Amino acid sequence: MRSQMLGFVRPYEEETGRRVHVAHYNGGINEIRDQVESANVIWDVVDLTQADSLRACEEGLLEDLSAIDLPDGADGTPASDDFVPGALNDCGVGVIVWATAYAYSNSDFAEDPPSTIEDFFDVQAYPGARAIRDDPSVIMEWALMADGVARDDVYPLLETEEGVDRAFDKMDSIRSGLQLWSAGREPVRMLNAGDVAMSMIWATTGATASEEDGADFSVNMDGRVIELDLFGIPKGSRNADAAKDFIRYASGTKALADMVGYLPNGPTRNSSLTLLSDETLQQIPNGPAYKDQAFIRSDAEWWAAHHARLEERFQLWISAGARQGAAGTTR
């Protein structure tokens, strides 16, 4: 990620003289599991979603970071009090607050653009194909929120078969022409190509891409699901001490604020907020600009416990009465 490279990777290299090699992966914990189980760990620090961090920690795939000595905030706040809730766990240190929102085609809805999460599921008022990430998280929260469920009741309801059925019943409204994506730029291409009228999208990726030349979509933050990314160290890393040193640096007040300056995800330290410009504060997903719009904080511990069950049901829903094309289209 460019923001991490410019925000703290390159500065860390300059200050320490150490070289950091950066590789891309599409998330999840399968690759980490493969490395750990084969005793061939080639990654030293991995950027994980909060849910993946918890699952990998429970499986014993990550080094214990519960005793890592993190620096206090630049304002003197102890690290344990400076990080937002959920940003610290036994195997992870948070670096990013981000969100999933939805984007819509400007051409398709020039006269009456969608404005709420309910509109994402309303194919009568807002016709056209939808795209979602190939994962049950977010879309299931959205389905219940769009069906009138209060956000505090979403996860308790999803623990019941009735709640799961209700979510999938709502999701049925967008099944026709549904497309799936797994990498962050895919919905940008789908929207610009006119393949879909609306798509789930990572909010910051979408907001940035919507300003590019030729872009023909806008991002709506109503109903956004707020999540965290945490750094973890795969179990058996041969450079664990150096990895911890990098994490200490990268999760410092200034490093996080510098990162956000290049790409407006939220920082996981409260002390970093005071270093951000008013313009940046108006862009971050957990910032004041969107305080009046509906949102839900993803319950990572809940997903760590229930993801496998709902993933199976999700894949059955995707495949039932449909076939998946080479490009991820369900038709």
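Here is what the cut-offs are and how they apply
- Residues numbered from 1 in each chain as written.
- Predicted model: local features only at pLDDT ≥ 70, side-chain atom pairs only at ≥ 80, totals over all residues.
- Heavy atoms only, no water.
- Axes fitted to C-alpha atoms, helices over the stretch in contact; angles between N-to-C directions.
- Helix = DSSP H or I, 4+ residues; strand = E, 2+ residues; numbered from the N terminus.
- Parallel < 35°, antiparallel > 145°, perpendicular 65-115°, else oblique.
- Contact = heavy atoms within 4.5 Å.
- Nonpolar A, V, L, I, M, F, W, Y, C, P; charged D, E, K, R; others polar.
- Disulfide = S-S within 2.5 Å.
- 1 Å grid on protein atoms, 1.4 Å probe; cavity = no way out; pocket = protein on both sides within 12 Å on 5 of 7 lines; lining within 4 Å.
- Points joined across faces, edges and corners; volume = space filled by probe spheres on them.
- Core = buried A, V, L, I, M, F, W, Y, C linked by side-chain atoms within 4.5 Å.
- Buried < 20%, exposed > 50% of the residue type's maximum accessible area, 1.4 Å probe, protein only.
- Polar contact = N/O pair within 3.5 Å; in protein donor to acceptor, adjacent residues only side chain to side chain.

Here we look at the packing of helix 6 (residues 139-146) against helix 8 (residues 161-171)
One can describe the packing of helix 6 onto helix 8 by two numbers: an axis separation of 8 Å at closest approach and a directional angle of 85°. In this view, helix 6 runs roughly perpendicular relative to helix 8, as classed from their interaxial angle. Of the residues in helix 8, those touching helix 6 at Ile139, Met140, Ala143, Leu144 and Ala146 are Gly163, Val164, Arg166, Ala167, Phe168, Lys170 and Met171. The residue makeup of the contact of helix 6 with helix 8, split by class, is nine nonpolar, one polar and two charged.

Quick notes on the state of the cysteines
Taken as a whole, this structure holds one disulfide when the rule is applied. Here Cys57 pairs with Cys91 through a disulfide, and the sulfurs are 2.0 Å apart. Judged by the sign of its S-S torsion, about 60°, the bond between Cys57 and Cys91 is right-handed. Of this pair, Cys57 sits in helix 3 (residues 50-58) while Cys91 sits in the loop between strand 2 (88-89) and strand 3 (92-105), placing them 34 residues apart in sequence.

Quick word on the layout of surface pockets
Over the atoms, a rolled probe matching the size of one water molecule traces out where space is still vacant. Approximately 380 Å³ is the volume found for the second largest pocket. Along the walls of the second largest pocket sit 20 residues, with Gln50, Pro85, Gly86, Leu228 and Ser298 positioned nearest its centre. Secondary structure elements with two or more residues in the lining of the second largest pocket: helix 3, strand 2, helix 7 (151-158), strand 7 (217-232), strand 9 (295-297) and helix 15 (300-319). In terms of residue count, strand 7 provides more of the lining of the second largest pocket than any other element does, three residues in total. Residue composition of the lining of the second largest pocket, grouped by class: ten nonpolar, five polar and five charged.

Observations regarding the nonpolar core
One finds Phe120, Phe121, Ile132, Ile139, Met140, Trp142 and Met171 to be the most contacted residues of the largest nonpolar core, which totals 54 residues. Of the residues forming this core, the biggest block, eight residues, is contributed by helix 15.

Describing the side chain of Asn220
Tracing the sequence through the fold places Asn220 in strand 7. Overall, Asn220 belongs to the buried group, its relative accessible area being 9%. Within the local environment of Asn220, its side chain forms a polar contact with the backbone oxygen of Pro114, the two atoms lying 3.4 Å apart. Look past the residues within four positions of Asn220 in its chain and what remains in contact with it is Ala101, Tyr102, Tyr104, Pro114, Ser115, Thr116 and Gln293.

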